Amino acid sequence: AICGRIENYISSLPPPYRLQRLKLARAASTEARTATKAPSISICWCCTSQMPEVINATTGKLDSGQPSLLCKQSMFARWQYLITKLPLLPQETDEGPKEIKPPADLTNMQYFEAKQICTTYQAAKERLTIAFEKANLGRWIKKPMEQDYFVCDIVNPDPRALFA
């Protein structure tokens, strides 16, 4: 639905980003749907784990108190681990590709700062929000910025746990 509504308004997405036209059938049901309260659990499963995660949807954590594989803390920990093992990809700028140096102090880096490193992603996100406004689809709802101002609490993780 989004693709069809903004394709005439979005332009110049930086590589590797592009508008994806999904090949899904539309739902044609005319049945009335009764809104109900969402359950307080979510299930996450992946091919690398034998058992699914049962996540408390209000806290984002497992019953054990451990963070889910899908939460920002876990993804940030994976990124921090990978950035020490792999070079950062060059970022596209108006002047061409630009090499990015990894941050010197990952321990005190905030999640928000890590997200800003990927300038091509930030540019693509900005172009998407502009396209929404041009197509009169309203403004992209932003979450409070404070949600991204945290350092990673997962210190010296076992890579097997990070990529379970």
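Residues numbered from 1 in each chain as written. Predicted model: local features only at pLDDT ≥ 70, side-chain atom pairs only at ≥ 80, totals over all residues. Heavy atoms only, no water.

## Comments concerning the environment of Pro 15
Next up, step 1: The topology assignment puts Pro 15 in the loop between α1 (2-6) and β1 (41-44).
Next up, step 2: Put simply, Pro 15 and Ala 114 are 99 residues apart on the chain and 19 Å apart in space, counted from C-alpha to C-alpha.
Next up, step 3: In this structure, Pro 15 is in contact with Glu 92 and Thr 120, ignoring residues within four places of it in sequence. (Helix = DSSP H or I, 4+ residues; strand = E, 2+ residues; numbered from the N terminus. Contact = heavy atoms within 4.5 Å.)

## Considerations on the pairing of strand β2 (residues 53-56)
Next up, step 1: Across the two faces of β2 the burial differs, with Glu 53 and Ile 55 buried and Val 54 and Asn 56 not buried at all.
Next up, step 2: Of the strand pairs in this sheet, β1 and β2 are connected by four bridges, and their pairing is antiparallel. Opposite Ile 41, over in β2, you have Asn 56 as the bridge partner. (Buried < 20%, exposed > 50% of the residue type's maximum accessible area, 1.4 Å probe, protein only. Pairing = 2+ DSSP bridges.)

## Re the packing of aromatic side chains
Next up, step 1: Enumeration over the complete set of coordinates arrives at eight aromatic pairs.
Next up, step 2: By way of ring pairs, the aromatic residues Phe 76, Trp 79, Tyr 111 and Phe 150 are connected into one cluster. (Phe/Tyr/Trp six-rings, centres within 6.5 Å; stacked < 30°, edge-to-face > 60°.)

## Let's talk about the environment of Tyr 149
Next up, step 1: Its place among the elements puts Tyr 149 in the loop between α4 (119-134) and α5 (159-162).
Next up, step 2: Its relative accessible area of 36% is what places Tyr 149 among the partly exposed residues.
Next up, step 3: In sequence terms Tyr 149 and Arg 139 are ten residues apart; their C-alpha atoms lie 23 Å from each other.
Next up, step 4: When residues no more than four places from it in sequence are discounted, the contact partners of Tyr 149 are Gln 110 and Phe 112.

Function cannot be read off these values alone, since they describe shape.
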